[in-house]
Amino acid sequence: VQVWDLSSGERVLHLKPESDPCQALRYRSDGLLAMVFGRGVIVCCDGAGNVVETYQLPETRDLYDYHLRFSPDETALIAGIPDGHVEVIELKTKRRRRFRVDPRAMIAMNLSPDGETLITSGDDGYIRLWDWRTGTLQQELHFGSSWIHGLEMTPEGDRLITGSEHTITFWDVERGSQIVSISLGKCVAKMALSPDGTHLAVADSDGRIQLWESRPE
């Protein structure tokens, strides 16, 4: 894992706390860097690169990645496990709780912009919206047989954008229905929504990045 200074373009840290590949990493506002590696090891480092805490998630043999997010108040880590579970780790008390989000495997995970809703997708054809604090299911959206690799929600919380094998789809969250589906011709690898929610960046399997308006007519 390498950390770069954006203003100078210089590398300031080179971290290798684990031999397995890093599958997800997140910064906290105080500079704490949380990383999860291929065998389910979470490593937290301070701004100088010193390891301050480690956690072990269940090790799985699934082909999918682990996922990681900080809670809105940054007091908990929300970890997505490929076997279809989510584990919430309270950083101060070290308390941990786990709930199942998919009957078989989880492929993608994200938080809503307000941090209150956890969004997951698996290989069973459903997108699910959760109250991550209680593990309560709030809503299910059926998208079919394609696997969802990217999940983004607009700041207003009214639209969900999903990226699957060859398409991006815009959803009306309240109605639970598709608004429009756009074929890209290539597999969606990663997606990111701009902070103001107006544009969507999509990286495909050919290495291209496309920019889309997040509210197509």
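Residues numbered from 1 in each chain as written. Predicted model: local features only at pLDDT ≥ 70, side-chain atom pairs only at ≥ 80, totals over all residues. Heavy atoms only, no water.

Caption draft 1: View of the sheet that holds strand β15 (residues 150–153). Reading across from one edge, β15-β16-β17-β18 is the order of the four strands in this open sheet, with antiparallel pairing throughout. Single-partner strands in this sheet number two, and they are β15 and β18 (177–183). Averaged over neighbouring strand pairs, the angle between their axes works out to 15 degrees when direction is ignored. As paired strands, strand β16 (residues 159–163) and strand β17 (residues 167–172) are joined by five bridges and run antiparallel to one another. Each bridged residue has a counterpart across the sheet, and for R159 the counterpart in β17 is D172. (Pairing = 2+ DSSP bridges. Helix = DSSP H or I, 4+ residues; strand = E, 2+ residues; numbered from the N terminus. Axes fitted to C-alpha atoms, helices over the stretch in contact; angles between N-to-C directions.)

Caption draft 2: Up close: the environment of T169. Inspection of the secondary structure puts T169 in strand β17. For T169, a relative accessible area of 6% corresponds to the buried category. Spatially, the C-alpha atoms of T169 and K16 are 37 Å apart, while their sequence positions differ by 153 residues. Look past the residues within four positions of T169 in its chain and what remains in contact with it is L160, I161, T162, Q178, V180 and S181. Polar contacts involving the side chain of T169 include one to the side chain of S181, which spans 3.1 Å. (Buried < 20%, exposed > 50% of the residue type's maximum accessible area, 1.4 Å probe, protein only. Contact = heavy atoms within 4.5 Å. Polar contact = N/O pair within 3.5 Å; in protein donor to acceptor, adjacent residues only side chain to side chain.)

Caption draft 3: Expanded view of the pairing of strand β21 (residues 209–213). Of all five residues in β21, zero are buried, a share of ten percent or less. Relative to β21, strand β20 (residues 199–204) runs antiparallel, the two being bridged by five bridges. In the strand pairing of β21, H199 is matched with E213.

Caption draft 4: Quick look at the layout of surface pockets. Quantified by volume, the largest pocket comes out at close to 740 Å³. Contributing to the lining of the largest pocket are 30 residues, with R26, R69, M109, N110 and M191 lying nearest its centre. Of all the elements in the fold, those that place two or more residues in the lining of the largest pocket are β3 (22–27), β7 (67–70), β11 (106–111), β15 and β19 (188–193). Residue composition of the lining of the largest pocket, grouped by class: 18 nonpolar, seven polar and five charged. Of the volumes computed, that of the second largest pocket is approximately 250 Å³. (1 Å grid on protein atoms, 1.4 Å probe; cavity = no way out; pocket = protein on both sides within 12 Å on 5 of 7 lines; lining within 4 Å. Points joined across faces, edges and corners; volume = space filled by probe spheres on them. Nonpolar A, V, L, I, M, F, W, Y, C, P; charged D, E, K, R; others polar.)

Caption draft 5: Spatial organisation of the pattern of salt bridges. Across all of its chains, the model carries 13 salt bridges by this definition. Residue D124 pairs with R128 through a salt bridge whose shortest N-O separation is 2.7 Å. In this pair, the class of D124 matches that of R128, namely buried. By sharing partners, the salt bridges in this structure join D102, D124, R128 and E140 into a single network. (Salt bridge = Lys/Arg side-chain N within 4 Å of Asp/Glu carboxyl O.)

Caption draft 6: Geometry of unusual backbone geometry. One non-glycine residue, E74, lies in positive phi territory at about 65 degrees. In this fold, E74 is placed in the loop between β7 and β8 (76–81). The backbone phi angle of K94 is positive, close to 70 degrees, even though this residue is not glycine. With respect to the helices and strands, the residue K94 is situated in the loop between β9 (85–90) and β10 (96–100).

Caption draft 7: Representation of the side chain of S112. Mapped onto the elements, S112 comes out in the loop between β11 and β12 (117–122). Polar side-chain contacts of S112 include one of 3.4 Å to the backbone nitrogen of E116.

Caption draft 8: Summary view of the packing of aromatic side chains. Counting across every chain of the model gives one aromatic pair. On the basis of an interplanar angle of 50 degrees and a centroid distance of 5.7 Å, the ring pair of F99 and W130 is categorised as tilted. Taken together, the residues F99 in strand β10 and W130 in strand β13 (residues 126–131) connect sequence positions 31 residues apart. (Phe/Tyr/Trp six-rings, centres within 6.5 Å; stacked < 30°, edge-to-face > 60°.)

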